[in-house]
Amino acid sequence: MRLEIRDLHVSVCKKKVLRGVNLCVEPGEFHAIMGPNGSGKSTLALTLAGHPDYVIEKGEILVDGESLLDMPPHKRALLGLFVCFQNPAEIDGVPLSKLLYSSAKLREPSLSILEFKKRLDKVCKTISVSPDFLERDVNLGFSGGEKKRAEVIQLLLSNPKFAVLDELDSGLDVDSLSVLSKAVNSLRGPEFSALIITHYDRILDILTPDKVHIMVDGKIVASGDANLAKEIESKGYASI
Amino acid sequence: MTKLNVLNSKYDEKYGFSEPERFVLKTEKGLSEEVVRKISQIKKEPEWMLNIRLNALKIFNSKPMPEWGGDLSGIDFDRYTYFASSSEKTADSWDDVPEDIKRTFDRLGIPEAERKFLGGVGAQYESQTVYHKLREDLERQGVVFTDTDSAVKNYPDIVKKYFSKVVPAGDNKFAALNTAVWSGGSFIYIPDGVEVKIPLQAYFRINARNIGQFERTLIIVGKGAKVHYIEGCTAPTYSTDSLHAAVVEVVALEGAKVRYTTIQNWSSNVYNLVTKRAFAYKDSCVEWVDGNLGSKLTMKYPSVYLKGDGARADILSIAYAGDSQHQDAGGKVFHLASNTQSRIISKSISKGGGRSSYRGLVKVAQGAKDCTCTVQCDALLLDDVSRSDTYPSMQVDEESATIAHEASVGKVGDDQIFYLMQRGHSQSEALALIVLGFISDFTKELPMEYAVELKKLIQLEMEGSVA
Amino acid sequence: MSVIEVGAGEEKKIVIVHSEDSARKESQERTIRLLHPSASVVVEEFFCSGAKSNVTIIHEAKNTSSRIITRGVARCGDIIVANSRIIIPKGSSGSKTRVEQSFLLLDGSSRVRATPSLEIEEDDVLAGHCASISPISEDAIAYLASRGFDRKVAEGMIVEGFLKGGAG
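With respect to the overall build of chain B
On a plain count of helices and strands, chain B comes out with 13 helices and 19 strands. Considering chain B as a whole, with its 467 residues, one finds that 60% of them fall into the buried category. In chain B, of all internal contacts separated by at least 6 residues, the share reaching a separation of at least 24 is 85%. With an accessible surface of roughly 18400 Å², chain B has 50% of that area assigned to carbon and sulfur atoms.

Have a look at this one:
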């Protein structure tokens, strides 16, 4: 999936956060977005997802040439856009397994439960989660690491064309980060693209980006290749 | 029985209602149209106020007694004298006060007890210069701070505009009674934009009593203005009048901020039935800080009607019910406009056979969008002969509202007492520390001198409770 | 009005469901008496449509325990009136009670009235309650939308989960 963002201005609670973001991710590419806290990275993720609190004041978002601006969030999802949230909402009383099966059926109405179980088992082995985990209510009382696992399981089962990973690495230990990043990496292909939002370059060792962008104060102020990330790691954002 | 209660009853026996030598104007016992007319006549009121009184009397007669709340069976309306000017409900001079009462005040560490005890003509002692300066500042800013009787004569337009509009006579039987026979109370008017920096206290009023049987207080705060009013004090207030039915009406205009602090500590023969209500307009904020320590029965639910968008209400209430006391208190909030917020925190303590009840209501009207309210009511039972009730009510007619309520009832943990004793405190000190911690949300909102007095009172009460 | 008695050491579970089929105009009154030591009761009450209900639990012995879990969803003009009254008289020491009420109010024509009361005369108890009335979380709707579910389906999932969540 090709994602194009043109001069995007977004405000949240009447406060301007994104001030003219320009970005283009071609099919098959992985782009990283780095930046200090408060720069607007998560706002970008939530705007792409279509969260109602995020108001687009100006600009355009195109996915394979089609505008997302008037498209409701669930339609965006069914196009193949998947957002892994940093702080996913809790859904009391809905077990994760139920959400996974229902989501899968949305995309493949004729999917049998047996076939689904096969896919689910495979994914669970890759992510190393026990069957009990799947019976817990979605995100309810999940630790940081458990939330990320739940997001990636959903990503892997949703047949995505574009993934936005909002700080997948925050709160994860080294081993978990490795397992989850490798799982995302396994989706790499000519049709699949990803936007990796992160503070640190460790995740980018596995999810090697084709391009790295630095976001400061709601705008992309620098772009480069993977070396740019290394430069930030050693010199900090002030060096830009 | 705690020392304070013993003192209360001794005071009644020995001192009762003393008749001072000077002339006292009063009506005959009981309530009738003639009594109401006489009251209005003695006060030389304009006709419009007399009509308000007479109308209220009709409403009073037509309303039945409430069947909920405390036990009101001891009230006999024919027994009371409804008006007595300059009646000495307290001793005339410090010399007449019994020794053991004076000692209590010493123990409470209240040097100004004399002034407060003598009922409000605060200008007599060392506060005189402070008091006069305060008056000058207020006058310069256009602030009106007087008693309600004077306000009827000197500010009739303002009084006509707001009197009985927040609490109409028909609201409840005791509001009707008050509207018919009211006397005394504070009248405060703060012009737009004026911020009164020092809290206004009842005993700064120059010529009226601050212990009224049927006080009527009216506070109007202009746009963007700010005031803090303090009624009463923590020291025990001795009264032979056993029915106190007061009404307080507060109007907070756009952007105004009003805080009304009361600590009631009536003697244990008093029925304290009060209607306190505020109208909060756009972006205003009303805070009720309500402490109930005394009386035989208190029924009081300070309330706020959030009438303008963005308005806020904060009701902080504590109740302490000792032997033979019933505190039936709480708060009510009506969300009638959008984006309004409210918070009710109630802490109650029951001891020695006392009964503390929290009675609250949160109502959100349809169309009042995106309102939030949190209620927290906690109760502490200090022994197995006391009682605690919680009656919280939520009525929501608007789907965008978020209302949350939490309550707990329990006792002080033995492990808590043990821990503090192991740190060097006696059992009663430990108990006092825990109880003070329990009501800390309330005491931290009080002006320093009140917090200090309240703390000492609690310590005294806890001493009495440990064998 | 129904009265249910719970005996010594007995643990009773009572499930009350107010649905379209069972919805009645008059108020439903239930009283549960915990008669003997260590008796306990768990009441799960679900409002899937409007109804009026009063549940009273009286702890008439020591070491008794009660729990009321109420969940309700009000929509399309439903009026839910959910009252509970827990009474712990003097002498019922060691008793515990907890009342948890949560309601989702889905539209402007519906109403919720909830009064969970406590009347306690015994200090050696643990008593508490919590109640909440709120709309469906927009964050939860947005989350499910990001997974491909349209608003109506998302609401249905959340409501179903909400009612099931009460089943502990």
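Things to note about the overall build of chain C
Assigned secondary structure in chain C consists of two helices and ten strands. Counting helices and strands in the order they occur from the N terminus, chain C gives β-β-β-β-β-β-β-β-β-β-α-α. Based on the C-alpha atoms only, the size of chain C along its principal axes is roughly 55 × 35 × 25 Å. Sorting the 168 residues of chain C into buried and exposed places 57% on the buried side. Excluding contacts between residues fewer than 6 apart, the proportion of contacts in chain C whose partners are at least 24 apart in sequence is 81%. If you sum the accessible surface of chain C, you get close to 6600 Å²; carbon and sulfur atoms cover 51% of it. In chain C, the 21 positive side-chain charges and the 23 negative ones have mean positions that sit 1 Å from each other.

Topic: the sheet that holds strand E9 (residues 211-216) of chain A
Residues and elements named next belong to chain A. Taken together, six strands build an open sheet; the order of strands is E6-E7-E8-E3-E9-E10 and the sheet is mixed. The strands lining the two open edges of the sheet, one partner per strand, are strand E6 (81-84) and strand E10 (219-224). Averaged over neighbouring strand pairs, the angle between their axes works out to 20° when direction is ignored. Taken together, the four bridges between E6 and strand E7 (residues 162-166) define a ladder with parallel strand orientation. Each residue of the ladder has a partner; that of Val83, found in E7, is Val164. Strands in contact with helix H6 (residues 144-157) are E6 and E7; relative to E6, the strand with the most contacts, it is inclined by about 170°.

Some thoughts on the packing of aromatic side chains
Geometry of an aromatic ring pair is reported as the spacing of the ring centres plus the angle between the planes. Enumeration over the complete set of coordinates arrives at 16 aromatic pairs over all chains. Aromatic ring contacts, followed pair by pair, group Phe145, Tyr229, Tyr260 and Trp288 of chain B into a single cluster. Of note, Arg188 of chain A hangs over the ring of Phe30 of chain A, and the distance from its end group to the ring centre comes to 3.8 Å. Directly above the ring of Phe60 of chain B sits Lys173 of chain B, whose terminal nitrogen or CZ lies 4.2 Å from the centroid.

Quick look at the interface of chain B and chain C
Across the contact, 33 residues belong to chain B and 33 residues belong to chain C. The junction of chain B with chain C conceals about 2600 Å² of combined surface from both sides, 48% of it contributed by carbon and sulfur atoms. Seen at the junction of chain B and chain C, the total is six salt bridges. The partner of Arg387 of chain B in a salt bridge is Glu121 of chain C, and the shortest N-O contact between them spans 3.4 Å. Between the two partners, chain B and chain C, sit 17 residue pairs in polar contact (both at pLDDT 80 or more). Those elements that place two or more of their residues in the side of chain B that touches chain C are strand E18 (387-396) and strand E19 (402-410) of chain B. No other element matches E18 of chain B, which puts ten residues into the side of chain B that touches chain C. In terms of residue class, the side of chain B that touches chain C is made up of twelve nonpolar, eleven polar and ten charged. Pairing of E18 of chain B with strand E9 (residues 111-120) of chain C, which is carried by six bridges, proceeds in the antiparallel orientation. Residue pairing in the sheet places Asp389 of chain B in a bridge with Glu119 of chain C of E9 of chain C.

Observations regarding the sheet that holds strand E5 (residues 66-67) of chain A
Residues and elements named next belong to chain A. Strand order in the open sheet formed by four strands is E2-E1-E4-E5, with antiparallel pairing between adjacent strands. If you trace the sheet from one side to the other, it starts and ends with strand E2 (15-25) and E5, each paired once. Where strand E4 (residues 54-63) meets E5, two bridges bridge the pair, whose relative direction is antiparallel. Note on E5: the bridge partner recorded for Leu62 is Ser67.

Describing the confidence of the model for chain C
Looking at chain C, the pLDDT average stands at 91 and 96% of residues meet or exceed 70. With a pTM of 0.79, the predicted complex shows an ipTM of 0.85.

Here's the deal with helix H9 (residues 173-181) of chain B
All names here are of chain B. Of all nine residues making up H9, nine are buried, and the element is well covered by its neighbours. All of the buried residues along H9 are Lys173, Phe174, Ala175, Ala176, Leu177, Asn178, Thr179, Ala180 and Val181. Where H9 is buried, its residues contact helix H2 (33-43), helix H3 (47-62), strand E4 (216-221), strand E6 (243-244), strand E7 (247-252) and strand E9 (271-280). Its side-chain oxygen placed 3.0 Å from the backbone nitrogen of Phe174, Asn172 serves as the N-cap of H9.

A few points about the domain arrangement of chain C
Residues and elements named next belong to chain C. The domains assigned to chain C are domain 1 (2-135) and domain 2 (137-168). On a C-alpha basis, the centroid separation for the pair domain 1 and domain 2 is 26 Å. Taken together, the 14 residues of domain 1 in the interface contact seven residues of domain 2. Both faces combined, the contact of domain 1 with domain 2 buries some 870 Å², and carbon together with sulfur accounts for 73% of it. On inspection of domain 1 and its partner domain 2, the count reaches zero salt bridges. Taken together, the connections running from domain 1 to domain 2 amount to two residue pairs in polar contact (both at pLDDT 80 or more).

Details of the interface of chain C and chain A
Often, the extent of an interface is quoted as the loss of accessible area on bringing the components together. If you look at the interface, chain C gives 19 residues, while chain A gives 27 residues. Each partner contributes to the roughly 1800 Å² buried at the junction of chain C and chain A, and carbon and sulfur atoms together form 64% of this total. Taken together, the connections running from chain C to chain A amount to two salt bridges. Put simply, Glu151 of chain A and Arg147 of chain C hold a salt bridge, and the shortest N to O gap is 2.6 Å. Put simply, chain C and chain A have nine residue pairs in polar contact (both at pLDDT 80 or more) between them. Elements with a minimum of two residues in the side of chain C that touches chain A: helix H1 (138-146) and helix H2 (151-165) of chain C. Taken together, the residues that form the side of chain C that touches chain A break down as nine nonpolar, four polar and six charged.

Thoughts on a positive patch on the surface
Residue and element names in this part refer to chain A. Side chains of Lys15, Lys16, Arg19 and Lys219 sit close together on the surface and give a patch of like positive charge. The biggest single contributor to the positive patch is E2, with three residues. Note on placement: Lys15 falls in strand E2.

Some thoughts on the packing of H2 of chain B against H3 of chain B
All names here are of chain B. Remark: H2 packs on H3, axes separated minimally by 10 Å, with the N-to-C direction vectors making an angle of 160°. When the axis of H2 is compared with that of H3, the two are roughly antiparallel. Relative to H3, the crossing made by H2 is right-handed. Packed against H2, whose contacting residues are Glu33, Val36, Arg37, Ile39, Ser40 and Lys43, the element H3 presents Leu50, Arg53, Leu54 and Leu57 at the interface.

Focus: the environment of Ser38 of chain C
Residue and element names in this part refer to chain C. Within the secondary structure, Ser38 sits in the loop between strand E3 (28-34) and strand E4 (40-47). Judged by its relative accessible area of 40%, Ser38 is partly exposed. Ser38 sits 25 residues away from Asn63 along the chain, and the two C-alpha atoms are 5.0 Å apart. When sequence neighbours within four positions are dropped, the list of residues in contact with Ser38 reads Gly9, Glu10, Lys62, Asn63 and Thr64.

Concerning the layout of surface pockets
Quantified by volume, the second largest pocket comes out at close to 670 Å³. Counting residues per element, the ones that place at least two in the lining of the second largest pocket are helix H1 (41-49) of chain A together with strand E8 (95-105), strand E10 (125-134), H1 and H2 of chain C. It is H1 of chain C that contributes the most residues to the lining of the second largest pocket, four residues altogether. Here the residues of the lining of the second largest pocket sort into 16 nonpolar, eight polar and six charged. Counting the residues that make up the lining of the second largest pocket, at least three belong to each of domain 1 (2-135) and domain 2 (137-168) of chain C.

Re unusual backbone geometry
At Cys13 of chain A, a position not held by glycine, the phi torsion is positive, near 50°. Here Cys13 of chain A is to be found in the loop between strand E1 (3-12) and E2. Positive phi, close to 65°, is recorded for Ser38 of chain C, a residue that is not glycine.

Here is what the cut-offs are and how they apply
- Throughout, a residue's number is its position along its own chain's written sequence, starting from 1.
- Whichever chain is written first becomes A and whichever ligand is written first becomes 1, with later ones labelled in order.
- A pLDDT threshold of at least 70 governs which residues receive local features in this predicted model, and a stricter bar of 80 or more applies before side-chain atom pairs are shown or counted, although totals over entire chains, interfaces and linings include all residues.
- No hydrogens and no water enter the side-chain calculation; it runs on all heavy atoms of the structure.
- Helix and strand labels come from DSSP, where a helix needs a run of H or I of at least four residues and a strand needs a run of E of at least two; each type is numbered from the N terminus.
- Partly exposed residues are those whose accessible area sits between 20% and 50% of the maximum for their type, while under 20% is buried and over 50% is exposed, using a 1.4 Å probe and protein chains only.
- Here, two residues are considered to be in contact whenever any of their heavy atoms come within 4.5 Å of each other.
- Only the protein chains shown count as cover for residues, with accessible areas throughout obtained via the Shrake-Rupley method and a probe of 1.4 Å.
- His is not counted, nor are the chain ends; Lys and Arg add positive charge and Asp and Glu add negative charge.
- For this purpose, a charge sits on NZ of Lys, CZ of Arg, CG of Asp or CD of Glu.
- Any two strands are treated as partners once DSSP identifies two or more bridges connecting them.
- Between the N-to-C directions of two axes lies an angle of 0 to 180 degrees, each axis being a line fitted to C-alpha atoms and, for a helix, fitted only over the stretch in contact.
- Side-chain rings of Phe, Tyr and Trp (the six-membered ring for Trp) are treated as a pair once their centres are within 6.5 Å; stacked means planes under 30 degrees apart, edge-to-face means over 60, and tilted covers the remaining angles.
- As a reminder, the over-ring test applies to NZ of lysine and CZ of arginine, requiring each to be within 6 Å of the ring centre and within 35 degrees of the ring normal.
- Once two parts are joined, some of their accessible surface, as seen by a 1.4 Å probe, is lost; buried area is that loss totalled over both.
- For this document, the term salt bridge refers to a Lys or Arg side-chain nitrogen within 4 Å of an Asp or Glu carboxyl oxygen.
- A 3.5 Å cut-off defines polar contacts: any pair of N or O atoms within that distance qualifies, except that in protein one atom must be a possible hydrogen donor and the other a possible acceptor, and neighbouring residues in sequence count only when both atoms are side-chain atoms.
- Residue classes follow a fixed rule: Ala, Val, Leu, Ile, Met, Phe, Trp, Tyr, Cys and Pro count as nonpolar, while Asp, Glu, Lys and Arg count as charged, and any other residue, Gly among them, counts as polar.
- Per-residue confidence from the predictor is given as pLDDT, running between 0 and 100.
- Segmentation of the chain into domains, including their bounds, is taken from an automatic or database domain assignment.
- Residues forming no salt bridge and having over 30% relative accessible area are the ones grouped into patches, like charges within 9 Å of each other and nonpolar side chains (Val, Leu, Ile, Met, Phe, Trp, Tyr) within 5 Å.
- Oblique is the label for every angle not falling under 35 degrees (roughly parallel), over 145 degrees (roughly antiparallel), or within 65 to 115 degrees (roughly perpendicular).
- Handedness of each helix crossing follows the sense of rotation of the near helix against the far helix: counterclockwise by less than a right angle gives left-handed, clockwise gives right-handed.
- Two kinds of site are reported from a 1 Å grid over the protein atoms alone, namely cavities, where a 1.4 Å probe fits but cannot get out, and pockets, open sets with protein on both sides within 12 Å along at least five of seven lines, and residues are called lining when an atom falls within 4 Å of a point.
- Grid points are joined across faces, edges and corners, and a volume is the space filled by probe spheres set on the points.

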